[in-house]
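Here's the letter readout for the chains.
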Amino acid sequence: MFHALDIIGTLAFAISGALTAINKKLDLFGVLTIAFVTAVGGGTLRDVLTGSTPVGWMLNLDSVYIILLGFCLSALFWRRLEKLRVSLFLFDTIGLGVFTMIGIEKGLIAGLHPVICVALGTMTACFGGVIRDILCNEIPVLFRKETFYATVCIFGGIVFFALRRTGLNIDIIYAASSALIIIFRLLAVKFKWYLPVLKV
Amino acid sequence: MFHALDIIGTLAFAISGALTAINKKLDLFGVLTIAFVTAVGGGTLRDVLTGSTPVGWMLNLDSVYIILLGFCLSALFWRRLEKLRVSLFLFDTIGLGVFTMIGIEKGLIAGLHPVICVALGTMTACFGGVIRDILCNEIPVLFRKETFYATVCIFGGIVFFALRRTGLNIDIIYAASSALIIIFRLLAVKFKWYLPVLKV
Amino acid sequence: MFHALDIIGTLAFAISGALTAINKKLDLFGVLTIAFVTAVGGGTLRDVLTGSTPVGWMLNLDSVYIILLGFCLSALFWRRLEKLRVSLFLFDTIGLGVFTMIGIEKGLIAGLHPVICVALGTMTACFGGVIRDILCNEIPVLFRKETFYATVCIFGGIVFFALRRTGLNIDIIYAASSALIIIFRLLAVKFKWYLPVLKV
């Protein structure tokens, strides 16, 4: 089931990247590239920094095909997809929860410290969007006054390591932590929670 | 002969990077750095993502010296080089064909899937320019409405893998595919072929 | 003592990154991230390019904690820190000298050519700021008409390798070269030395 959610997340990230690129008036190669980096950029950065190379999408092509699908869907139906913002937002939020846990899992496998694992989870979930924004020549939306995004990943990561001390089944902890991230993100958007900006 | 073409391509990329940086009014260190990343940025990204480290230019300093030469030529003769745009464009196009094949070869050596090899070839040839544009704070020209650039690399890569099935001598296939990229690129510029932009 | 200077440099880089991000009106997560990449971005790039992974800060968390301290100090006292520009500049300059030598040392351990070692030293000291500026959507200040910054690192690196031929004690050479970088940087700022820009 986790794998199915991974696919949903990748597809949502790819489509959101493609739609951003289309709105930026990039050509089809630009749209494909931005869809690609939005979907796998965070995980790629994580793999490069931890030395897990060749990076994930080079060895298992599943995400490549899902991104190509997302790219084709976006190129054909971008006007309609714009109107499905709510569904896309839900898929994106699922991706946020799942990718955070995938990043944490990779960190644990590499034997890294919990603080680094939480950073890797957040990076996996959030930094594809950062690379997308850099390529589109904008200050990453992640760093600006927005509803909680990276914050919910960090929070979910901390909860994961707190639950892990209880000795509960690890699969349950992964499921619970990603569910918590998803719920927290939905609440944050609904109630417009955001981090403060110091200088106004 | 392939190696001689590699040198021509590296020199052309370094000079094109240096001229861009000079036009952006960067200082000499900025010009050197941009020349450097334009020439070896694509190959460096490929090496990092595939885990071939230390990256190429750290082990074989040939490209470092060629880039330093291109930097000195640019710093001394930038006004005249601006007028040699046509020659530089030809050298750049040779680099495009050669670097694509070098990237594909590295992918094959690493045992990666043809789809990934084509991506690595395109990355090697095109992503130095992407990093150059990011450092110069512009949306990468590669993603905008331009004549075919990355597209000819992808096309050449597909032709390479089609020819490879015929059992022809591999060196001939490399030469034919890079020649095809060069010709296709020249035609694309002459006849102003480009990829569509969806939103106008 | 070298380690104490390393801490001072990391703290200064983190605070300078945080203050930049606060002035750019980023939210707290943005401030934390920019503080982080400013402090460890150069060393991280060096580790990734040389294949020393997982990168340094994932294995030894000292710099993570120092950056968190710098982040907290900046978030609480940013108005006052702005007025301590001179002290911060001194700390930053110490970081410049120390980080250059750390980068050169890593290159030597990896058995790389002196030219590459000098590049790695300069990268370690200067490229955190480059990544900071890219994330803040500005042309890196390092590439613009500034007082010598990267130039003093390159100069210090060349002096290091010249002294190394004399057979002097290596610790003395490290100390002398980093001291030279610090002094040269202070003089460059005082007397407004900078590299030329070709096009005016």
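For clarity, every value in this text was computed on a predicted model and none was experimentally measured.

Cut-offs used in this document
- Residues numbered from 1 in each chain as written.
- Chains lettered and ligands numbered in written order.
- Predicted model: local features only at pLDDT ≥ 70, side-chain atom pairs only at ≥ 80, totals over all residues.
- Heavy atoms only, no water.
- Helix = DSSP H or I, 4+ residues; strand = E, 2+ residues; numbered from the N terminus.
- Rg over C-alpha atoms; globule rule 2.2 N^0.38 Å.
- Buried < 20%, exposed > 50% of the residue type's maximum accessible area, 1.4 Å probe, protein only.
- Contact = heavy atoms within 4.5 Å.
- Areas by Shrake-Rupley, 256 points an atom, 1.4 Å probe, with all protein chains shown as cover.
- Lys, Arg positive; Asp, Glu negative; His and termini not counted.
- Charge placed at Lys NZ, Arg CZ, Asp CG, Glu CD.
- Buried area = accessible area lost by both parts, 1.4 Å probe.
- Salt bridge = Lys/Arg side-chain N within 4 Å of Asp/Glu carboxyl O.
- Polar contact = N/O pair within 3.5 Å; in protein donor to acceptor, adjacent residues only side chain to side chain.
- Least-squares fit on C-alpha atoms with pLDDT ≥ 70 in both.
- UniProt positions renumbered as here; feature names shortened; annotations may be inferred.
- Patch = residues over 30% accessible without salt bridge, like charges linked within 9 Å, V, L, I, M, F, W, Y side chains within 5 Å.
- Nonpolar A, V, L, I, M, F, W, Y, C, P; charged D, E, K, R; others polar.
- Phe/Tyr/Trp six-rings, centres within 6.5 Å; stacked < 30°, edge-to-face > 60°.
- Lys NZ or Arg CZ within 6 Å of the ring centre and 35° of its normal.
- Axes fitted to C-alpha atoms, helices over the stretch in contact; angles between N-to-C directions.
- Parallel < 35°, antiparallel > 145°, perpendicular 65-115°, else oblique.
- Left-handed = near helix turned anticlockwise from the far one by under 90°.

1. Some details on the overall build of chain A
Then step 1. The secondary structure content of chain A amounts to eight helices and zero strands.
Then step 2. For a compact globule of 200 residues, the expected C-alpha radius of gyration is about 16 Å, and chain A comes in at 16 Å, within 12% of that figure.
Then step 3. Seen along its three principal axes, the alpha-carbon backbone of chain A occupies a region of about 50 × 45 × 30 Å.
Then step 4. Going through the 200 residues of chain A one by one, you find that 54% of them count as buried.
Then step 5. Pairs at least 24 residues apart make up 72% of the contacts formed inside chain A by residues separated by at least 6 positions.
Then step 6. Only carbon and sulfur atoms are counted for the fraction: they give 68% of the accessible area of chain A, which is about 8600 Å².
Then step 7. Measuring between centres, the 17 positive side-chain charges of chain A sit 10 Å from its 11 negative side-chain charges.

2. Section: the interface of chain C and chain A
Then step 1. With 28 residues of chain C at the interface, the matching set in chain A holds 31 residues.
Then step 2. Overall, the association of chain C and chain A removes approximately 2500 Å² of surface from exposure, summing both partners, and the carbon and sulfur fraction of that is 75%.
Then step 3. The largest per-residue losses of area from chain C upon contact with chain A belong to C:D27, C:F29 and C:M58, which jointly make up 26% of the total buried on that side.
Then step 4. At the surface where chain C touches chain A, the tally comes to zero salt bridges.
Then step 5. For the pair chain C and chain A, the interface holds three residue pairs in polar contact (both at pLDDT 80 or more).
Then step 6. Mapped onto the side of chain C that touches chain A, the elements with two or more residues apiece are α1 (2-23), α2 (28-50), α3 (56-59), α4 (62-83) and α6 (114-135) of chain C.
Then step 7. At seven residues, α2(C) tops the list of elements feeding residues into the side of chain C that touches chain A.

3. Focus on the relation of the copies chain B and chain A
Then step 1. Between chain B and chain A, which share one sequence, the superposing operator has a rotation angle of 120° and an axial displacement of 0.0 Å; the RMSD is 0.0 Å. The relationship between the two copies is best expressed as a three-fold rotation axis.
Then step 2. Looking at chain B, a mere 10% of its interface residues are interface residues in chain A too, so the copies touch through different faces.

4. Thoughts on the UniProt feature "domain: Glycine transporter" (unreviewed entry) in chain A
Then step 1. Following the UniProt record, one finds the feature "domain: Glycine transporter" (unreviewed entry) at residues 4-78 and 90-164 of chain A.
Then step 2. Within residues 4-78 of chain A, the helical portion is 85% and the strand portion 0%, while the C-alpha atoms at the span's ends are 24 Å from each other.

5. Some thoughts on the relation of the copies chain C and chain A
Then step 1. After a rotation of 120° and a shift along the axis of 0.0 Å, chain C superposes on chain A with an RMSD of 0.0 Å.
Then step 2. Mapped onto chain A, only 11% of the interface residues of chain C again fall at the interface, so the copies present different surfaces.

6. Quick word on a nonpolar patch on the surface
Then step 1. On the surface, A:V86, A:L90, A:F91 and A:L186 cluster together into a nonpolar patch covering about 340 Å² of accessible area.
Then step 2. Within the fold, A:L90 resides in helix α5 (residues 85-109).

7. Re the interface of chain B and chain A
Then step 1. Counting residues at the interface gives 31 residues for chain B, matched by 28 residues for chain A.
Then step 2. Of the roughly 2500 Å² buried where chain B meets chain A, counting both sides, 75% is carbon and sulfur surface.
Then step 3. By the criterion of area lost to chain A, the three top residues of chain B are B:F143, B:L198 and B:K199, representing 28% of everything that side buries.
Then step 4. For the pair chain B and chain A, the interface holds zero salt bridges.
Then step 5. Where chain B packs against chain A, one counts three residue pairs in polar contact (both at pLDDT 80 or more).
Then step 6. If you list the elements that add at least two residues to the side of chain B that touches chain A, you get α2 (28-50), α6 (114-135) and α7 (150-164) of chain B.
Then step 7. Of the residues in the side of chain B that touches chain A, the class split is 21 nonpolar, five polar and five charged.

8. Focus: the packing of aromatic side chains
Then step 1. Inspection of the entire model under this criterion finds 28 aromatic pairs over all chains.
Then step 2. Just above the ring of A:F191 sits the side chain of A:K190; from NZ or CZ to the centre is 5.9 Å.

9. Comments concerning the pattern of salt bridges
Residues and elements named next belong to chain A.
Then step 1. Counted according to the given criterion, the structure contains nine salt bridges over all chains.
Then step 2. One salt bridge in this structure joins R46 and D47, with 3.0 Å as the shortest N-O distance. One exposure class covers both R46 and D47, and it is buried.

10. Re the packing of helix α2 (residues 28-50) of chain A against helix α6 (residues 114-135) of chain A
Residues and elements named next belong to chain A.
Then step 1. Where α2 contacts α6, the axes come no closer than 7 Å and their chain directions differ by 130°. Judged by the inter-axis angle, α2 sits oblique to α6. Regarding α2 and α6, the two cross each other, and that crossing is right-handed. Between α2 and α6, the contacting residues are I34, V37, T38, G41, G42, G43, L45, R46, L49 and T50 on the first element and L120, M123, T124, F127, G128, G129, I131, R132 and L135 on the second.
Then step 2. Taken together, the residues of the contact of α2 with α6 sort by class into nine nonpolar, eight polar and two charged.

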